[in-house]
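Notes for the structure review
As a plain string of letters, each chain reads:
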Amino acid sequence: MSKKVFIKTYGCQMNVYDSKRMADVLKPHGYEVADEADGADLVILNTCHIREKAAEKVYSEIGRLRAEKEAKALEGKNMYIAVAGCVAQAEGPEMMKRAPAIDMVLGPQTYHRLPDMLKSAEEQRSGGRRSARVLDTEFPIDTKFDHLPTDSDFDGPAAFLTIQEGCDKFCAFCVVPYTRGAEYSRPVADVLKEAQSLVDKGVVEITLLGQNVNAYHGDDGKGDTMTLGGLIKALDKIEGLGRIRYTTSHPRDMDQELIDAHRDLKSCMPYLHLPVQSGSDAILDAMNRKHTRDEYFAVIDRLREARPDLALSSDFIVGFPGETDQDFEDTLDLVRRVKYAQAYSFKYSPRPGTPASVNEDQVPEEVKSERLARLQALINEHQLEFNEASIGKEMDVLLEREGKLPGQLLGRSPYLQSVHVDLTKGDNALDVAGDKPYTDFMGQLVRVKIVEAGPNSLKGELVSALH
Ligand code: 5AD
Ligand code: SF4
(Lines give C-alpha, C1' and ligand atoms only; values in the text may rest on other atoms or scores of the structure.)
(Ligands and ions follow the chains in the order given, each with its own letter.)
Protein backbone atom coordinates (compact mmCIF):
# COMPACT_ATOMS: atom_id res chain seq x y z
CA MET A 1 0.00 0.00 0.00
CA SER A 2 1.35 3.36 -0.83
CA LYS A 3 2.24 5.76 1.93
CA LYS A 4 2.20 9.51 1.91
CA VAL A 5 4.96 11.98 2.63
CA PHE A 6 4.37 15.70 3.05
CA ILE A 7 7.47 17.85 2.72
CA LYS A 8 7.32 21.47 3.84
CA THR A 9 10.16 23.54 2.47
CA TYR A 10 11.47 26.71 4.04
CA GLY A 11 14.16 29.04 2.70
CA CYS A 12 16.26 28.94 -0.40
CA GLN A 13 16.10 27.16 -3.75
CA MET A 14 18.71 24.70 -2.56
CA ASN A 15 16.18 23.46 -0.04
CA VAL A 16 13.58 23.18 -2.80
CA TYR A 17 16.03 21.00 -4.72
CA ASP A 18 16.83 18.91 -1.63
CA SER A 19 13.12 18.39 -0.90
CA LYS A 20 12.66 16.96 -4.40
CA ARG A 21 15.60 14.62 -3.86
CA MET A 22 14.11 13.44 -0.57
CA ALA A 23 10.87 12.68 -2.40
CA ASP A 24 12.87 10.78 -5.05
CA VAL A 25 14.74 8.71 -2.48
CA LEU A 26 11.49 7.76 -0.73
CA LYS A 27 9.56 6.88 -3.90
CA PRO A 28 10.98 3.35 -4.34
CA HIS A 29 10.03 2.73 -0.71
CA GLY A 30 6.37 3.29 -1.48
CA TYR A 31 6.03 6.96 -0.52
CA GLU A 32 3.97 9.30 -2.63
CA VAL A 33 4.17 13.06 -2.20
CA ALA A 34 1.10 14.61 -0.54
CA ASP A 35 0.28 18.30 -0.65
CA GLU A 36 -0.78 18.59 2.97
CA ALA A 37 0.19 17.16 6.34
CA ASP A 38 -3.33 15.89 6.96
CA GLY A 39 -3.29 12.12 6.58
CA ALA A 40 0.45 11.90 5.83
CA ASP A 41 2.48 8.97 7.19
CA LEU A 42 5.63 11.04 7.20
CA VAL A 43 6.06 14.79 7.50
CA ILE A 44 9.42 16.36 6.74
CA LEU A 45 10.12 19.96 7.65
CA ASN A 46 13.02 21.10 5.50
CA THR A 47 14.21 24.11 7.44
CA CYS A 48 16.27 27.24 6.87
CA HIS A 49 18.46 28.94 9.44
CA ILE A 50 19.74 31.91 7.51
CA ARG A 51 17.65 34.58 9.12
CA GLU A 52 15.84 34.99 12.43
CA LYS A 53 12.98 33.09 13.99
CA ALA A 54 13.53 30.01 11.84
CA ALA A 55 13.67 27.64 14.79
CA GLU A 56 10.58 29.24 16.39
CA LYS A 57 8.58 28.72 13.19
CA VAL A 58 9.61 25.07 13.17
CA TYR A 59 8.57 24.56 16.79
CA SER A 60 5.15 26.06 16.23
CA GLU A 61 4.67 23.87 13.15
CA ILE A 62 5.64 20.83 15.21
CA GLY A 63 3.10 21.86 17.84
CA ARG A 64 0.39 21.67 15.19
CA LEU A 65 1.68 18.37 13.83
CA ARG A 66 1.83 16.83 17.28
CA ALA A 67 -1.95 17.06 17.63
CA GLU A 68 -2.33 15.29 14.28
CA LYS A 69 0.20 12.66 15.29
CA GLU A 70 -1.61 11.97 18.56
CA ALA A 71 -4.98 11.74 16.83
CA LYS A 72 -3.53 9.19 14.41
CA ALA A 73 -1.97 7.21 17.25
CA LEU A 74 -5.44 6.81 18.80
CA GLU A 75 -6.54 5.16 15.56
CA GLY A 76 -3.54 2.85 15.79
CA LYS A 77 -1.74 4.61 12.92
CA ASN A 78 1.70 6.17 12.80
CA MET A 79 2.85 9.56 11.67
CA TYR A 80 6.56 10.19 11.70
CA ILE A 81 7.94 13.70 12.00
CA ALA A 82 11.37 14.50 10.58
CA VAL A 83 13.20 17.81 10.74
CA ALA A 84 15.74 18.33 7.97
CA GLY A 85 17.82 21.25 6.70
CA CYS A 86 19.94 23.87 8.35
CA VAL A 87 18.00 24.32 11.62
CA ALA A 88 18.30 20.57 12.10
CA GLN A 89 22.03 20.79 11.50
CA ALA A 90 22.53 23.74 13.84
CA GLU A 91 20.19 22.82 16.67
CA GLY A 92 19.55 19.09 16.33
CA PRO A 93 20.18 17.92 19.89
CA GLU A 94 18.24 20.86 21.43
CA MET A 95 15.32 20.19 19.09
CA MET A 96 15.18 16.53 20.11
CA LYS A 97 15.04 17.57 23.74
CA ARG A 98 12.53 20.34 23.34
CA ALA A 99 10.08 18.60 21.01
CA PRO A 100 9.49 14.94 21.86
CA ALA A 101 7.15 14.63 18.86
CA ILE A 102 10.17 14.71 16.52
CA ASP A 103 11.20 11.23 15.40
CA MET A 104 14.14 12.14 13.20
CA VAL A 105 16.57 15.00 12.77
CA LEU A 106 18.64 15.01 9.57
CA GLY A 107 21.35 17.42 8.51
CA PRO A 108 21.56 18.47 4.84
CA GLN A 109 24.27 15.90 4.10
CA THR A 110 22.41 12.81 5.29
CA TYR A 111 19.19 12.70 3.27
CA HIS A 112 20.17 9.52 1.47
CA ARG A 113 19.99 7.69 4.80
CA LEU A 114 16.32 8.63 5.21
CA PRO A 115 14.88 5.27 4.03
CA ASP A 116 17.09 3.35 6.50
CA MET A 117 16.09 5.61 9.34
CA LEU A 118 12.43 5.21 8.49
CA LYS A 119 12.72 1.47 8.16
CA SER A 120 14.21 1.06 11.59
CA ALA A 121 11.59 3.41 13.09
CA GLU A 122 8.80 1.39 11.44
CA GLU A 123 10.25 -1.93 12.54
CA GLN A 124 10.48 -0.81 16.13
CA ARG A 125 6.97 0.54 16.10
CA SER A 126 5.52 -2.64 14.62
CA GLY A 127 7.39 -4.58 17.30
CA GLY A 128 5.29 -2.62 19.76
CA ARG A 129 8.14 -0.45 20.96
CA ARG A 130 8.30 3.30 20.91
CA SER A 131 10.71 3.90 18.06
CA ALA A 132 14.16 5.12 18.89
CA ARG A 133 14.65 8.68 17.81
CA VAL A 134 17.38 9.34 15.27
CA LEU A 135 19.74 12.27 15.02
CA ASP A 136 21.99 12.29 11.97
CA THR A 137 23.91 15.47 11.32
CA GLU A 138 27.29 14.13 10.19
CA PHE A 139 29.28 15.62 7.35
CA PRO A 140 30.27 12.34 5.68
CA ILE A 141 33.32 12.10 3.45
CA ASP A 142 31.27 10.61 0.64
CA THR A 143 28.61 12.93 -0.62
CA LYS A 144 24.86 12.71 -0.58
CA PHE A 145 24.86 13.31 -4.33
CA ASP A 146 26.39 9.88 -4.90
CA HIS A 147 23.39 8.32 -3.22
CA LEU A 148 20.42 10.49 -4.05
CA PRO A 149 18.42 9.60 -7.13
CA THR A 150 17.70 12.45 -9.52
CA ASP A 151 14.90 10.93 -11.52
CA SER A 152 12.00 13.18 -10.57
CA ASP A 153 9.03 13.44 -12.84
CA PHE A 154 8.74 16.44 -15.14
CA ASP A 155 7.85 19.43 -13.04
CA GLY A 156 7.75 22.30 -15.51
CA PRO A 157 10.20 23.62 -18.11
CA ALA A 158 12.40 25.47 -15.59
CA ALA A 159 14.37 23.27 -13.19
CA PHE A 160 17.00 23.61 -10.49
CA LEU A 161 20.21 21.63 -10.39
CA THR A 162 22.52 21.78 -7.37
CA ILE A 163 26.15 21.71 -8.51
CA GLN A 164 27.91 23.04 -5.43
CA GLU A 165 27.25 23.07 -1.74
CA GLY A 166 28.78 24.64 1.33
CA CYS A 167 30.92 27.71 1.69
CA ASP A 168 34.47 28.59 2.78
CA LYS A 169 33.98 32.36 2.83
CA PHE A 170 32.89 32.81 6.45
CA CYS A 171 31.13 36.16 6.17
CA ALA A 172 30.83 37.37 9.77
CA PHE A 173 26.99 37.30 9.77
CA CYS A 174 26.36 33.99 8.04
CA VAL A 175 25.56 30.49 9.34
CA VAL A 176 26.02 28.69 6.03
CA PRO A 177 29.66 27.61 6.54
CA TYR A 178 28.55 25.99 9.79
CA THR A 179 25.30 24.38 8.64
CA ARG A 180 26.24 23.35 5.11
CA GLY A 181 29.92 22.74 5.74
CA ALA A 182 32.95 23.24 3.53
CA GLU A 183 32.72 23.97 -0.16
CA TYR A 184 32.07 20.94 -2.32
CA SER A 185 31.61 20.79 -6.11
CA ARG A 186 29.95 17.90 -7.91
CA PRO A 187 31.97 16.31 -10.72
CA VAL A 188 31.35 17.72 -14.20
CA ALA A 189 30.16 14.37 -15.60
CA ASP A 190 27.45 14.07 -12.92
CA VAL A 191 26.19 17.57 -13.61
CA LEU A 192 26.08 17.00 -17.37
CA LYS A 193 24.24 13.71 -16.92
CA GLU A 194 21.62 15.24 -14.65
CA ALA A 195 21.19 18.21 -17.00
CA GLN A 196 20.75 15.90 -19.99
CA SER A 197 18.13 13.88 -18.16
CA LEU A 198 16.22 17.04 -17.28
CA VAL A 199 16.30 18.19 -20.90
CA ASP A 200 15.15 14.74 -22.05
CA LYS A 201 12.07 15.25 -19.91
CA GLY A 202 11.28 18.61 -21.50
CA VAL A 203 13.21 21.05 -19.35
CA VAL A 204 14.27 24.16 -21.28
CA GLU A 205 15.85 26.24 -18.51
CA ILE A 206 18.23 25.09 -15.77
CA THR A 207 19.28 27.18 -12.79
CA LEU A 208 22.55 25.90 -11.36
CA LEU A 209 22.49 26.16 -7.60
CA GLY A 210 25.13 26.53 -4.94
CA GLN A 211 25.60 28.59 -1.81
CA ASN A 212 28.68 29.93 -3.51
CA VAL A 213 28.00 28.67 -7.00
CA ASN A 214 30.70 30.60 -8.86
CA ALA A 215 33.37 29.07 -6.63
CA TYR A 216 32.51 25.86 -8.50
CA HIS A 217 35.58 23.76 -9.25
CA GLY A 218 34.29 20.32 -10.24
CA ASP A 219 36.44 17.35 -11.20
CA ASP A 220 36.56 17.31 -15.01
CA GLY A 221 37.40 13.60 -15.15
CA LYS A 222 40.79 14.36 -16.72
CA GLY A 223 42.68 15.05 -13.52
CA ASP A 224 41.82 18.74 -13.50
CA THR A 225 39.04 20.96 -12.26
CA MET A 226 36.57 22.99 -14.26
CA THR A 227 35.26 26.40 -13.25
CA LEU A 228 31.67 27.56 -13.57
CA GLY A 229 32.38 29.36 -16.87
CA GLY A 230 33.73 26.10 -18.32
CA LEU A 231 30.77 24.15 -17.00
CA ILE A 232 28.27 26.55 -18.58
CA LYS A 233 30.15 26.22 -21.87
CA ALA A 234 29.80 22.43 -21.65
CA LEU A 235 26.11 22.67 -20.74
CA ASP A 236 25.51 25.07 -23.63
CA LYS A 237 26.21 22.17 -26.01
CA ILE A 238 23.19 20.20 -24.77
CA GLU A 239 20.62 20.44 -27.51
CA GLY A 240 17.27 21.73 -26.27
CA LEU A 241 18.71 23.47 -23.23
CA GLY A 242 17.76 27.02 -24.10
CA ARG A 243 18.56 28.85 -20.90
CA ILE A 244 21.17 28.59 -18.17
CA ARG A 245 21.13 30.60 -14.96
CA TYR A 246 23.14 30.24 -11.77
CA THR A 247 22.85 31.46 -8.23
CA THR A 248 24.21 32.57 -5.72
CA SER A 249 27.52 34.14 -6.66
CA HIS A 250 30.23 35.93 -4.70
CA PRO A 251 31.87 39.00 -6.27
CA ARG A 252 35.35 37.64 -5.55
CA ASP A 253 34.72 34.53 -7.65
CA MET A 254 33.46 36.32 -10.77
CA ASP A 255 36.34 35.23 -13.04
CA GLN A 256 36.94 36.14 -16.69
CA GLU A 257 35.80 32.76 -18.02
CA LEU A 258 32.42 33.26 -16.40
CA ILE A 259 32.15 36.84 -17.61
CA ASP A 260 33.03 35.62 -21.12
CA ALA A 261 30.23 33.03 -20.90
CA HIS A 262 27.77 35.93 -20.58
CA ARG A 263 29.29 37.50 -23.70
CA ASP A 264 29.61 34.39 -25.84
CA LEU A 265 26.80 31.99 -25.01
CA LYS A 266 23.23 32.62 -26.04
CA SER A 267 22.01 30.18 -23.40
CA CYS A 268 23.74 32.06 -20.56
CA MET A 269 20.98 34.42 -19.44
CA PRO A 270 21.66 38.16 -19.07
CA TYR A 271 20.77 38.18 -15.40
CA LEU A 272 23.01 37.89 -12.38
CA HIS A 273 22.35 37.77 -8.65
CA LEU A 274 25.56 39.16 -7.20
CA PRO A 275 25.08 40.06 -3.53
CA VAL A 276 27.16 42.91 -2.20
CA GLN A 277 25.46 43.21 1.25
CA SER A 278 26.74 46.75 1.92
CA GLY A 279 28.12 49.75 0.04
CA SER A 280 30.49 50.81 2.83
CA ASP A 281 34.11 49.69 2.79
CA ALA A 282 34.26 49.68 6.60
CA ILE A 283 31.21 47.41 6.82
CA LEU A 284 32.36 45.18 3.95
CA ASP A 285 35.59 44.70 5.88
CA ALA A 286 33.78 44.03 9.17
CA MET A 287 31.56 41.54 7.34
CA ASN A 288 34.68 39.75 6.06
CA ARG A 289 33.41 40.03 2.50
CA LYS A 290 37.00 40.20 1.22
CA HIS A 291 36.44 42.98 -1.33
CA THR A 292 35.91 46.75 -1.42
CA ARG A 293 33.10 48.67 -3.06
CA ASP A 294 35.40 49.79 -5.86
CA GLU A 295 36.33 46.20 -6.57
CA TYR A 296 32.63 45.40 -6.78
CA PHE A 297 32.08 48.29 -9.23
CA ALA A 298 35.01 47.02 -11.31
CA VAL A 299 33.41 43.56 -11.58
CA ILE A 300 30.10 45.14 -12.61
CA ASP A 301 31.87 47.24 -15.26
CA ARG A 302 33.54 44.16 -16.75
CA LEU A 303 30.23 42.31 -16.77
CA ARG A 304 28.39 45.17 -18.45
CA GLU A 305 31.13 45.52 -21.01
CA ALA A 306 30.70 41.83 -21.86
CA ARG A 307 26.90 41.95 -21.79
CA PRO A 308 25.51 45.49 -21.91
CA ASP A 309 21.92 44.43 -21.21
CA LEU A 310 22.85 42.42 -18.10
CA ALA A 311 20.24 42.81 -15.34
CA LEU A 312 21.62 42.74 -11.83
CA SER A 313 20.24 41.67 -8.51
CA SER A 314 21.72 41.72 -5.02
CA ASP A 315 21.20 41.03 -1.33
CA PHE A 316 21.68 43.74 1.29
CA ILE A 317 21.91 43.64 5.04
CA VAL A 318 21.09 46.85 6.92
CA GLY A 319 22.06 47.45 10.53
CA PHE A 320 25.11 45.21 10.60
CA PRO A 321 26.90 45.84 13.95
CA GLY A 322 28.70 49.18 13.85
CA GLU A 323 26.86 50.47 10.74
CA THR A 324 26.76 54.28 10.95
CA ASP A 325 24.44 56.68 9.09
CA GLN A 326 27.31 57.37 6.69
CA ASP A 327 27.88 53.65 6.08
CA PHE A 328 24.21 53.32 5.22
CA GLU A 329 24.37 56.37 2.91
CA ASP A 330 27.23 54.59 1.12
CA THR A 331 24.91 51.63 0.56
CA LEU A 332 22.24 53.89 -0.94
CA ASP A 333 24.90 55.48 -3.11
CA LEU A 334 26.05 52.07 -4.37
CA VAL A 335 22.45 51.15 -5.20
CA ARG A 336 22.00 54.40 -7.16
CA ARG A 337 25.16 53.70 -9.13
CA VAL A 338 24.45 50.06 -9.98
CA LYS A 339 20.66 50.37 -10.42
CA TYR A 340 19.49 46.85 -9.78
CA ALA A 341 16.69 45.23 -11.73
CA GLN A 342 15.62 43.83 -8.38
CA ALA A 343 17.17 43.18 -4.98
CA TYR A 344 16.50 41.65 -1.59
CA SER A 345 17.21 43.48 1.64
CA PHE A 346 17.15 42.30 5.23
CA LYS A 347 17.65 43.65 8.71
CA TYR A 348 20.72 42.16 10.29
CA SER A 349 19.81 39.38 12.71
CA PRO A 350 22.44 37.83 14.98
CA ARG A 351 22.87 34.16 14.17
CA PRO A 352 24.15 32.05 17.05
CA GLY A 353 27.73 30.92 16.56
CA THR A 354 28.68 33.60 14.02
CA PRO A 355 31.35 36.22 14.85
CA ALA A 356 29.08 39.25 14.31
CA SER A 357 26.49 37.95 16.79
CA VAL A 358 28.80 38.69 19.74
CA ASN A 359 29.75 42.17 18.53
CA GLU A 360 28.69 44.69 21.17
CA ASP A 361 27.99 47.44 18.69
CA GLN A 362 24.50 46.17 17.68
CA VAL A 363 22.28 48.67 15.86
CA PRO A 364 18.90 49.47 17.50
CA GLU A 365 15.86 47.83 15.97
CA GLU A 366 14.13 51.08 15.01
CA VAL A 367 17.23 52.30 13.16
CA LYS A 368 17.33 49.03 11.24
CA SER A 369 13.64 49.35 10.35
CA GLU A 370 14.01 52.89 9.15
CA ARG A 371 17.06 52.05 7.01
CA LEU A 372 15.36 48.99 5.56
CA ALA A 373 12.31 51.04 4.52
CA ARG A 374 14.50 53.66 2.80
CA LEU A 375 16.59 51.06 1.02
CA GLN A 376 13.57 49.10 -0.14
CA ALA A 377 11.87 52.23 -1.45
CA LEU A 378 14.93 53.01 -3.57
CA ILE A 379 15.24 49.44 -4.84
CA ASN A 380 11.52 49.40 -5.73
CA GLU A 381 11.85 52.66 -7.62
CA HIS A 382 14.66 51.19 -9.73
CA GLN A 383 12.79 47.93 -10.22
CA LEU A 384 9.78 49.79 -11.61
CA GLU A 385 12.04 51.87 -13.87
CA PHE A 386 13.71 48.72 -15.12
CA ASN A 387 10.36 47.09 -15.84
CA GLU A 388 8.96 50.20 -17.54
CA ALA A 389 11.98 50.34 -19.83
CA SER A 390 10.84 46.97 -21.21
CA ILE A 391 7.65 48.41 -22.71
CA GLY A 392 7.70 48.19 -26.50
CA LYS A 393 10.60 45.70 -26.52
CA GLU A 394 10.45 42.19 -27.89
CA MET A 395 11.93 39.40 -25.83
CA ASP A 396 11.89 35.63 -25.45
CA VAL A 397 9.65 34.32 -22.71
CA LEU A 398 9.64 30.77 -21.39
CA LEU A 399 6.00 29.92 -20.68
CA GLU A 400 5.82 28.02 -17.42
CA ARG A 401 2.29 28.18 -16.01
CA GLU A 402 -1.30 29.04 -16.78
CA GLY A 403 -2.29 32.61 -16.08
CA LYS A 404 -5.41 33.79 -14.33
CA LEU A 405 -7.34 34.54 -17.52
CA PRO A 406 -8.14 32.20 -20.39
CA GLY A 407 -5.69 32.66 -23.23
CA GLN A 408 -3.00 33.79 -20.81
CA LEU A 409 0.20 32.01 -19.85
CA LEU A 410 2.80 33.07 -17.32
CA GLY A 411 6.51 32.97 -17.98
CA ARG A 412 9.87 34.62 -17.38
CA SER A 413 11.80 37.08 -19.48
CA PRO A 414 15.57 36.61 -19.95
CA TYR A 415 15.94 39.13 -17.10
CA LEU A 416 13.83 36.96 -14.77
CA GLN A 417 10.82 39.28 -14.88
CA SER A 418 7.43 37.58 -14.62
CA VAL A 419 5.52 38.10 -17.86
CA HIS A 420 1.80 37.53 -18.36
CA VAL A 421 1.49 36.68 -22.02
CA ASP A 422 -1.87 37.09 -23.70
CA LEU A 423 -1.90 34.66 -26.60
CA THR A 424 -5.14 36.08 -27.91
CA LYS A 425 -3.62 39.48 -28.70
CA GLY A 426 -0.80 40.70 -30.92
CA ASP A 427 0.37 40.12 -34.48
CA ASN A 428 0.05 36.36 -34.23
CA ALA A 429 -2.90 36.22 -31.90
CA LEU A 430 -4.45 32.86 -31.41
CA ASP A 431 -8.06 32.14 -31.75
CA VAL A 432 -8.51 30.58 -28.32
CA ALA A 433 -11.58 28.74 -29.47
CA GLY A 434 -9.73 27.61 -32.61
CA ASP A 435 -7.97 24.35 -33.24
CA LYS A 436 -4.69 25.16 -31.48
CA PRO A 437 -5.37 25.57 -27.78
CA TYR A 438 -3.18 28.19 -26.13
CA THR A 439 -2.04 25.66 -23.53
CA ASP A 440 -0.04 23.94 -26.30
CA PHE A 441 2.45 26.74 -25.82
CA MET A 442 3.15 25.77 -22.23
CA GLY A 443 6.79 24.84 -21.70
CA GLN A 444 7.90 26.71 -24.82
CA LEU A 445 10.04 29.71 -25.54
CA VAL A 446 8.06 32.30 -27.46
CA ARG A 447 8.77 35.79 -28.77
CA VAL A 448 6.74 38.37 -26.90
CA LYS A 449 6.18 42.11 -27.23
CA ILE A 450 5.93 43.85 -23.86
CA VAL A 451 2.93 46.18 -23.68
CA GLU A 452 2.60 47.00 -19.99
CA ALA A 453 4.82 47.07 -16.89
CA GLY A 454 4.13 47.08 -13.17
CA PRO A 455 6.46 46.91 -10.16
CA ASN A 456 6.49 43.11 -10.08
CA SER A 457 5.52 41.89 -13.53
CA LEU A 458 5.07 42.66 -17.22
CA LYS A 459 2.31 42.07 -19.71
CA GLY A 460 3.01 40.98 -23.26
CA GLU A 461 1.53 39.76 -26.51
CA LEU A 462 2.65 36.88 -28.68
CA VAL A 463 4.84 37.83 -31.65
CA SER A 464 5.86 34.36 -32.72
CA ALA A 465 6.56 30.86 -31.48
CA LEU A 466 10.29 30.11 -31.52
CA HIS A 467 10.09 26.38 -32.02
N1 5AD B 1 21.04 38.65 9.05
C2 5AD B 1 20.37 39.19 8.00
N3 5AD B 1 20.49 38.74 6.75
C4 5AD B 1 21.29 37.69 6.53
N5 5AD B 1 21.61 37.03 5.41
C6 5AD B 1 22.46 36.04 5.72
N7 5AD B 1 22.71 36.03 7.04
C8 5AD B 1 22.01 37.07 7.58
C9 5AD B 1 21.87 37.59 8.88
N10 5AD B 1 22.52 37.09 9.91
C11 5AD B 1 21.13 37.42 4.09
C12 5AD B 1 22.30 37.84 3.20
C13 5AD B 1 22.42 36.68 2.25
C14 5AD B 1 20.98 36.24 2.14
C15 5AD B 1 20.76 34.88 1.60
O16 5AD B 1 20.50 36.32 3.46
O17 5AD B 1 21.97 39.03 2.53
O18 5AD B 1 22.98 37.03 1.00
FE1 SF4 C 1 27.25 33.00 3.72
FE2 SF4 C 1 27.37 33.65 1.10
FE3 SF4 C 1 29.19 34.67 2.86
FE4 SF4 C 1 29.25 32.06 2.19
S5 SF4 C 1 29.61 33.84 0.80
S6 SF4 C 1 29.46 32.91 4.24
S7 SF4 C 1 27.05 31.58 1.97
S8 SF4 C 1 26.96 35.05 2.79
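Each value, and the rule that gives it
- Residues numbered from 1 in each chain as written.
- Chains lettered and ligands numbered in written order.
- Predicted model: local features only at pLDDT ≥ 70, side-chain atom pairs only at ≥ 80, totals over all residues.
- Heavy atoms only, no water.
- Domains from an automatic or database assignment.
- Contact = heavy atoms within 4.5 Å.
- Buried area = accessible area lost by both parts, 1.4 Å probe.
- Helix = DSSP H or I, 4+ residues; strand = E, 2+ residues; numbered from the N terminus.
- Buried < 20%, exposed > 50% of the residue type's maximum accessible area, 1.4 Å probe, protein only.
- Near = heavy atom within 4 Å.
- Polar contact = N/O pair within 3.5 Å; in protein donor to acceptor, adjacent residues only side chain to side chain.
- Areas by Shrake-Rupley, 256 points an atom, 1.4 Å probe, with all protein chains shown as cover.
- Nonpolar A, V, L, I, M, F, W, Y, C, P; charged D, E, K, R; others polar.
- 1 Å grid on protein atoms, 1.4 Å probe; cavity = no way out; pocket = protein on both sides within 12 Å on 5 of 7 lines; lining within 4 Å.
- Points joined across faces, edges and corners; volume = space filled by probe spheres on them.
- Phe/Tyr/Trp six-rings, centres within 6.5 Å; stacked < 30°, edge-to-face > 60°.
- Lys NZ or Arg CZ within 6 Å of the ring centre and 35° of its normal.

Digging into the domain arrangement of the protein
When cut into domains, the protein gives domain 1 (3-136), domain 2 (144-388) and domain 3 (394-465). On a C-alpha basis, the centres of domain 1 and domain 2 stand 29 Å from each other. Facing 22 residues of domain 1, the contacting portion of domain 2 comprises 30 residues. When domain 1 packs against domain 2, the two sides together hide about 2,500 Å² of surface, and 58% of this comes from carbon and sulfur.

Considering the environment of Lys404
With respect to the helices, strands and loops of the structure, Lys404 is situated in the loop between strand S17 (394-402) and strand S18 (408-412). With a relative accessible area of 82%, Lys404 lands in the exposed category. With 16 residues separating them along the chain, Lys404 and His420 place their C-alpha atoms 9.1 Å apart.

Some remarks on the site of ligand 1
Close to ligand 1 lie Ile50, Arg51, Phe173, Gln277, Asp315, Ile317, Phe346, Lys347, Tyr348, Ser349 and Arg351, which account for all nearby residues. One of the side-chain N or O atoms of Arg51 is found 2.6 Å from an oxygen atom in ligand 1. The side chain of Asp315 places a nitrogen or oxygen atom 2.6 Å from an oxygen atom of ligand 1. For ligand 1, whose free accessible area comes to 400 Å², the fraction covered by protein is 89%. Of all the secondary structure elements, the ones that give two or more residues to the shell around ligand 1 are strand S15 (311-318) and strand S16 (342-347). Looking at side-chain class alone, the shell around ligand 1 contains five nonpolar, two polar and four charged residues.

Regarding empty space enclosed by the protein
In the structure shown here, the tally under the stated rule is one cavity of 30 Å³ or more. Looking at the largest cavity, its volume works out to about 40 Å³. Taken together, Glu400, Arg401, Leu410, Gly411, Arg412 and Ser418 make up the full set of residues lining the largest cavity. At the level of secondary structure, the elements contributing two or more residues to the lining of the largest cavity comprise S17 and S18. Looking at the lining of the largest cavity, the element that brings in the most residues is S18, giving three residues. The residue makeup of the lining of the largest cavity, split by class, is one nonpolar, two polar and three charged.

A few points about the packing of aromatic side chains
According to the stated counting rule, one finds six aromatic pairs in the structure shown. Measuring from centroid to centroid gives 5.4 Å for Phe320 and Tyr348, while their planes differ by 70°, and the two rings are edge-to-face. Separated by 28 residues along the polypeptide, Phe320 in the loop between S15 and helix H11 (325-338) and Tyr348 in the loop between S16 and helix H12 (365-388) bring together distant segments of the chain. We note that Phe320, like Tyr348, is buried. Ring geometry for Phe386 against Tyr415: centres 6.1 Å apart, planes inclined by 80°, an arrangement best described as edge-to-face. Taken together, the residues Phe386 in helix H12 and Tyr415 in the loop between S18 and strand S19 (418-422) connect sequence positions 29 residues apart. Look at Phe386 and you get partly exposed, because its relative accessible area is 24%. Members of the aromatic cluster, connected to one another through ring pairs, are Phe173, Phe320 and Tyr348. Positioned above the aromatic ring of Tyr17, the side-chain terminus of Arg21 is 4.5 Å from the ring centre. Just above the ring of Phe297 sits the side chain of Arg337; from NZ or CZ to the centre is 4.0 Å.

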